[in-house]
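# Secondary and tertiary structure notes
In case you want the letters, here they are:
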Amino acid sequence: MALSRWVSSCLLLFLMVHCLAATCCALDLDSDDEWDIDAPPSGPQVRSLSDHNFEHDTQAATGQTTGAWLVLFTDAHCDKCRDAKLALIDVAVDGQPILAEVSVLDSPKTGKRFSVSKVPELRLFRDRHMYVYKGELNGPAIKEFVQGGWKNTVAEDVPAETSWLADTLDELRNLANACLQYLAKRPGLLAAVGAVLATGGYVVTRRLLGMKPRNRRKRARPSGRPHKKAG
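Rules and cut-offs
- For every chain, the first residue of the written sequence is number 1, and numbering continues from 1 along that sequence.
- Predicted model: local features are reported for residues with pLDDT of at least 70 only, side-chain atom pairs are reported and counted for 80 or more only, and whole-chain, interface and lining totals are derived from all residues.
- Water and hydrogen atoms were dropped before computing side-chain values, which therefore reflect all heavy atoms in the structure.
- To pair, rings of Phe, Tyr and Trp, with the six-membered ring standing in for Trp, must have centres within 6.5 Å; the planes then decide the type, stacked if under 30 degrees apart, edge-to-face if over 60, and tilted in the middle.
- Put simply, a nonpolar core is a bunch of buried Ala, Val, Leu, Ile, Met, Phe, Trp, Tyr and Cys residues held in one set by side-chain atoms that sit within 4.5 Å of each other.
- Partly exposed describes any residue whose relative accessible area lies between the buried limit of under 20% and the exposed limit of over 50%, with all areas from a 1.4 Å probe on protein chains only and scaled to the type maximum.
- The way it works is that DSSP assigns letters per residue, a run of H or I at least four long becomes a helix, a run of E at least two long becomes a strand, and they are numbered from the N terminus.
- Should any heavy atoms of two residues lie within 4.5 Å, those residues are counted as being in contact.
- Definition of a polar contact: a pair of N or O atoms within 3.5 Å, with one able to donate and the other able to accept a hydrogen when the atoms are protein atoms, and with sequence-neighbouring residues admitted only if both atoms are side-chain atoms.
- UniProt positions are given in the numbering used here, feature names are shortened, and annotations may be inferred rather than shown by experiment.
- Salt bridge criterion: a side-chain nitrogen from Lys or Arg within 4 Å of a carboxyl oxygen from Asp or Glu.
- A helix is expected to span 1.5 Å multiplied by its residue count minus one.
- Between any two strands, at least two bridges found by DSSP are needed for them to pair.
- Structural elements are reduced to axes, namely lines fitted to C-alpha atoms, with helices fitted over the stretch in contact, and the angle between N-to-C directions of any two is expressed from 0 to 180 degrees.
- Of all possible arcs, the one meant is that of the directions from the helix axis to the C-beta atoms.

In the nomenclature of an unreviewed UniProt entry, the protein chain is known as Thioredoxin domain-containing protein of Sphagnum jensenii.

## Here we look at the packing of aromatic side chains
Counted under the stated rule, the structure contains six aromatic pairs. Each residue in the set F54, F73, F114 and F125 is aromatic and connected to the rest through ring pairs, giving one cluster.

## A few points about the nonpolar core
With 17 residues, the main nonpolar core has L70, L88, L122, I142 and F145 as its most contacted residues. Of all elements in the fold, only strand 2 (69-74), helix 3 (79-88), strand 4 (121-126), strand 5 (129-133) and helix 5 (139-146) reach the threshold of two or more residues within this core. Contact partners of F145, with chain neighbours within four places excluded, come to L124, Y131, Y133, W150 and T153. Ranked by size, the runner-up nonpolar core spans 15 residues in total, among them I98, V116, M130 and V158.

## Topic: the environment of Q64
Locating Q64 in the fold gives a position in the loop between helix 2 (54-58) and strand 2. Given a relative accessible area of 9%, Q64 falls into the buried group. Sequence-wise, Q64 and H129 are 65 residues apart; in three dimensions their C-alpha atoms are separated by 8.9 Å. A distance of 3.1 Å separates the side chain of Q64 from the backbone nitrogen of R126, its partner in a polar contact.

## Section: the UniProt feature "transmembrane region" (unreviewed entry) in the protein chain
Per the UniProt record, the feature "transmembrane region" (unreviewed entry) sits at residues 189-209. This span, residues 189-209, is 95% helix and 0% strand, and a straight line between its end C-alpha atoms measures 30 Å.

## Re the pattern of salt bridges
Inspection of the entire model under this criterion finds four salt bridges. Where R123 meets E121, a salt bridge forms, and the shortest distance between an N and an O atom there is 2.4 Å. Take R123: its relative accessible area is 6%, and that puts it in the buried class. One salt bridge in this structure joins D127 and R126, with 3.4 Å as the shortest N-O distance. We classify R126 as partly exposed; its relative accessible area is 25%.

## Focus: helix 6 (residues 164-184)
Taking 1.5 Å per residue, 21 residues should reach 30 Å; helix 6 reaches 30 Å between its end C-alpha atoms and fits that length. Every buried residue of helix 6 is accounted for by D167, D170, C179, Y182 and L183.

## Concerning unusual backbone geometry
Each neighbour pair has its own omega, and for V119 with P120 the value is -5 degrees, a cis peptide bond. Turning to its location among the elements, P120 is positioned in the loop between helix 4 (108-113) and strand 4. Located in the positive-phi region is S115, a residue other than glycine, with phi close to 55 degrees. Mapped onto the elements, S115 comes out in the loop between helix 4 and strand 4. You will see that R128, though not glycine, has its phi angle at about 60 degrees, which is positive.

## Some remarks on the sheet that holds strand 5
Strand order across the open sheet formed by five strands is 1-3-2-4-5, with mixed pairing between neighbours. The strands lining the two open edges of the sheet, one partner per strand, are strand 1 (47-49) and strand 5. Adjacent strand axes in the sheet meet at a mean angle of 30 degrees when their direction is disregarded. The strands touched by helix 3 are strand 2, strand 3 (98-103) and strand 4; relative to strand 2, the strand with the most contacts, the crossing angle is about 165 degrees. The sheet strands contacting helix 5 are strand 2, strand 4 and strand 5, and the helix crosses strand 5 at an angle near 155 degrees.

## Focus on helix 3
Among all positions in helix 3, only C81, A84, K85, A87 and L88 are buried. Take helix 3 and look down its axis: the buried residues cluster within an arc of 155 degrees, on one side only. Turned more than 90 degrees away from the buried face of helix 3, the exposed residues are D79 and D83. If you follow the buried residues of helix 3, they end up packed against strand 2, strand 3, strand 4 and helix 5.

Written as structure tokens, this is what we have:
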């Protein structure tokens, strides 16, 4: 009984926090506009990769059977990223390597997986390894790297995908941070959320301790007539 009461109480508190966090974040969804840079119809296309399809499409850590991939890690607020993306268009020859872009803001798990600390950053995935490009982000320099310059770069092992548990914890942590930033700008809403959480914590604590609400006993009102003493 005590264990089941503890589990149900924790689930109740978790659902309350999750619902409040989701509601707060939904109120402040101001997505940034994506760059709309299309390559010429006859030229190579820069594919868009994300947390959901990076490994599925590139197979970076599972054999790379789809071919070599040249991936540009970008940020919507980075001015140099736009020029770097334009420079990729003239790099591919006969469809190789496959050109792709990952926004580290929209795909934080992929950025964390590859330890991307700055943008723009260019990496080549081929021969079951990863090669970090450290040259100038212009067409001729990138093309030289793709056509053979990568052989003079250290071949690094491709980081494996993170586990489901680690991804879930990261998502909860990011959600909590986003909600805290949102609530910090709205003191009134922050106070209301704090009151709800305090109430929920009080209820959960009482259930964990097995405390029951007190039943107040009504005092008997003294009658107006005095009792007669036995003679």
